Amino acid sequence: MRVRGRLTWGRRARAGVVLTALLAGVLPPAVALVPGAATAGAAAAGTPVCQVRDDRLREISGMVATDDGYVVINDGADDEARRRIFFLDQRCAVARTVSFPSRPRDTEDLAVGRDGTVWVADIGDNDRSRPTVGVWRLAPGAEQPVLHRMTYPDRPHDAEALLLDASGQPLIVTKGGSGTVFLYAPTTALRAEATTPLTALGQVTVPTTTTSNPFSFLGRGVITGAASAPDGRRVVLRSYADAFEYDVPDGDVVRALTTGTPRITPLPDEPQGESITYSRDGRSLLTVSESAGQPAGTRSTILRYPATATTATAAPPTESAAPVLPTLDRPIAEDTTGLSERTWPLAVGTGTLLVLLALAGVLRWRHTARR
């Protein structure tokens, strides 16, 4: 998702984001008032691999590595020229494109199967209003991808990350917002021209870090991309700030994510990092950011990080390690709030009070400035 009204550096932007989060109920006020929540982590930037210079690729939201280069997609579908699956060579130049047979809604991630099938995750939903989401399946040698529609069992979710399980079926990771994300998978095999129900399989707590990123503490609590290692024995989730790598020794991706302890690779200060993949040899993590909204001349650059980096280790999962109960037995908490049913009214009320006080301060300042 490209953030509309992009954040700018400085206290004014950070204060605006905090106030917005309080109004939306994303964070309890106590979190917003902790100065250490935005402490920058000391981490090295990735090594540049190549620059994407094609002007159609300014909102890259998904990437996979191939034997001869990369495959990328853009976020959204506003511009027809950008509504393509782009195949890049090893220098990041566009080698060919594949069009969609119909207009996608919000393409956010890519995955590649062991047979070379490319999966496009059309799962973005900023307003949480879509009745269905979809994945586009581009088989090797096919001229166009085939759409498979899916529907959540509880309510719409915003999601930007896609993985494939051991059987090659898609696994959706929601974006979250408060440090908790949810896993969904189809209940049956996907069929074209049909809508397949999804089922909830578990939830994951995003590890807490202090890595510097343009969105401060908010950028550390959401998941914007995912990838599987070529041998299937590791998976990685990424936020705007970090990569969280999990071992998958038995092929059970859901178990790895819900019970495993990830290794953390900081991805500091990427402009808007939403994409991640493994190199073809599995030794590196590759990332790329959007360049829209950045200073003139900025190009998206693929960066390389060691996949074996263990600069930090997350604490073992606690409550989120258990699989989510079926929806009928226990409704899943909203992605955008980590507050319990008993505490959220107090938090929202306190947040609203803080916003009113802030607005009063602004009005007072403006009144004084006019004197």
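Here is what the cut-offs are and how they apply
Residues numbered from 1 in each chain as written. Predicted model: local features only at pLDDT ≥ 70, side-chain atom pairs only at ≥ 80, totals over all residues. Heavy atoms only, no water. Helix = DSSP H or I, 4+ residues; strand = E, 2+ residues; numbered from the N terminus. Buried < 20%, exposed > 50% of the residue type's maximum accessible area, 1.4 Å probe, protein only. Contact = heavy atoms within 4.5 Å. Pairing = 2+ DSSP bridges. Axes fitted to C-alpha atoms, helices over the stretch in contact; angles between N-to-C directions. Core = buried A, V, L, I, M, F, W, Y, C linked by side-chain atoms within 4.5 Å. Phe/Tyr/Trp six-rings, centres within 6.5 Å; stacked < 30°, edge-to-face > 60°. Lys, Arg positive; Asp, Glu negative; His and termini not counted. Salt bridge = Lys/Arg side-chain N within 4 Å of Asp/Glu carboxyl O. Polar contact = N/O pair within 3.5 Å; in protein donor to acceptor, adjacent residues only side chain to side chain. 1 Å grid on protein atoms, 1.4 Å probe; cavity = no way out; pocket = protein on both sides within 12 Å on 5 of 7 lines; lining within 4 Å. Points joined across faces, edges and corners; volume = space filled by probe spheres on them.

J.: Which parts of the structure should I look at to understand the overall build of the chain?
T.: For the chain, the count of helices and strands is five helices and 21 strands. Out of the 371 residues belonging to the chain, those deemed buried represent 50%. Counting only contacts in the chain whose residues sit at least 6 apart along the sequence, the fraction spanning at least 24 positions is 57%.

J.: Which parts of the structure should I look at to understand the sheet that holds strand E5 (residues 94-99)?
T.: Strands pair in a sheet through their backbones, by hydrogen bonds, and they do so in one of two ways: parallel or antiparallel. The four strands lie next to each other as E2-E3-E4-E5, forming an open sheet whose pairing is antiparallel. The open sheet has two free edges, formed respectively by strand E2 (60-66) and E5, since each of these has just one partner strand. Averaged over all pairs of adjacent strands, the angle between strand axes in this sheet comes to 20 degrees, irrespective of strand direction. Taken together, the three bridges between strand E3 (residues 69-74) and strand E4 (residues 84-88) define a ladder with antiparallel strand orientation. When the bridges of E4 are listed, Tyr70 appears paired with Leu88.

J.: Before we go on, may I ask you to explain the environment of Leu286 in this structure?
T.: Topologically, Leu286 is positioned in strand E19 (residues 284-289). Once the C-alpha coordinates of Leu286 and Tyr305 are considered, the two residues, 19 residues apart in sequence, prove to be 6.4 Å apart. What Leu286 contacts, discounting residues up to four positions off in sequence, is Val49, Met63, Ala65, Tyr70, Ser275, Ile276, Thr277, Tyr278, Ser279, Ile302, Leu303 and Arg304.

J.: I would appreciate a short explanation of the nonpolar core in the present structure.
T.: The nonpolar side chains of a soluble globular protein tend to be buried with one another. With 21 residues, the main nonpolar core has Leu163, Leu171, Val173, Ile223, Leu237 and Leu257 as its most contacted residues. For this core, the elements supplying multiple residues, two or more each, are strand E10 (159-164), strand E11 (170-174), strand E12 (180-186), strand E15 (234-238), strand E16 (242-247) and helix H4 (253-259). The leading source of residues in this core is H4, at four residues. The residues touching Leu257, leaving out its near neighbours within four places in the chain, are Leu163, Leu171, Leu183, Val204, Val235, Leu237 and Tyr246.

J.: Would you mind going over the packing of aromatic side chains with me for this structure?
T.: The tally for this structure, following the rule as stated, stands at three aromatic pairs. With 5.0 Å between their ring centres and 65 degrees between their planes, Phe100 and Trp136 make a pair best called edge-to-face. With a gap of 36 residues between them, Phe100 in the loop between E5 and strand E6 (109-112) and Trp136 in strand E8 (residues 133-138) connect regions that are remote in the sequence. Neither Phe100 nor Trp136 differs from the other in exposure class; each is buried. Here the aromatic rings of Tyr152 and Tyr184 are separated by 4.9 Å at their centres, their planes lie at 80 degrees, and the arrangement is edge-to-face. With Tyr152 in the loop between strand E9 (146-151) and E10 and Tyr184 in strand E12, this residue pair connects regions lying 32 residues apart in the sequence. You'll find Tyr152 and Tyr184 in the same group, each marked buried.

J.: Looking at this structure, I do not really get the side chain of Arg220. What am I missing?
T.: Turning to its location among the elements, Arg220 is positioned in the loop between helix H3 (216-219) and strand E14 (225-228). At 5.6 Å, Asp242 is the nearest oppositely charged side chain to Arg220, a buried residue that forms no salt bridge. Of note is the side chain of Arg220, whose polar atom sits 2.9 Å from the backbone oxygen of Thr211.

J.: Even after reading the chapter, I still don't get the pattern of salt bridges, so can you show me in this structure?
T.: Close approach of charged atoms lets side chains of opposite charge pair. Taken as a whole, this structure holds 15 salt bridges when the rule is applied. Between Arg82 and Asp79 there is a salt bridge whose closest N-O contact spans 3.7 Å. For Glu270, the salt bridge is made with Arg238, and the minimal N-O distance between the two is 3.1 Å. Highlighted residues: Glu270 in the loop between strand E17 (263-266) and strand E18 (273-278) and Arg238 in strand E15, separated in sequence by 32 residues. Note on accessibility: Glu270 and Arg238 belong to one class, buried.

J.: Hey, could you run me through empty space enclosed by the protein in this one?
T.: By rolling a water-sized probe across the atoms, one finds the places where empty space is left. With the rule as written, the count across this model stands at one cavity of 30 Å³ or more. There is about 30 Å³ of room inside the largest cavity. Ile73, Asn74, Gly76, Arg82, Arg83, Arg84, Phe100, Pro104 and Thr107 are the residues that line the largest cavity.

J.: Looking at this structure, how should I read the environment of Val112?
T.: Positionally, Val112 belongs in strand E6. Taking C-alpha positions, Val112 is 8.6 Å from Ser228, a pair spaced 116 residues apart along the chain.

This is a description of form; function is not addressed.
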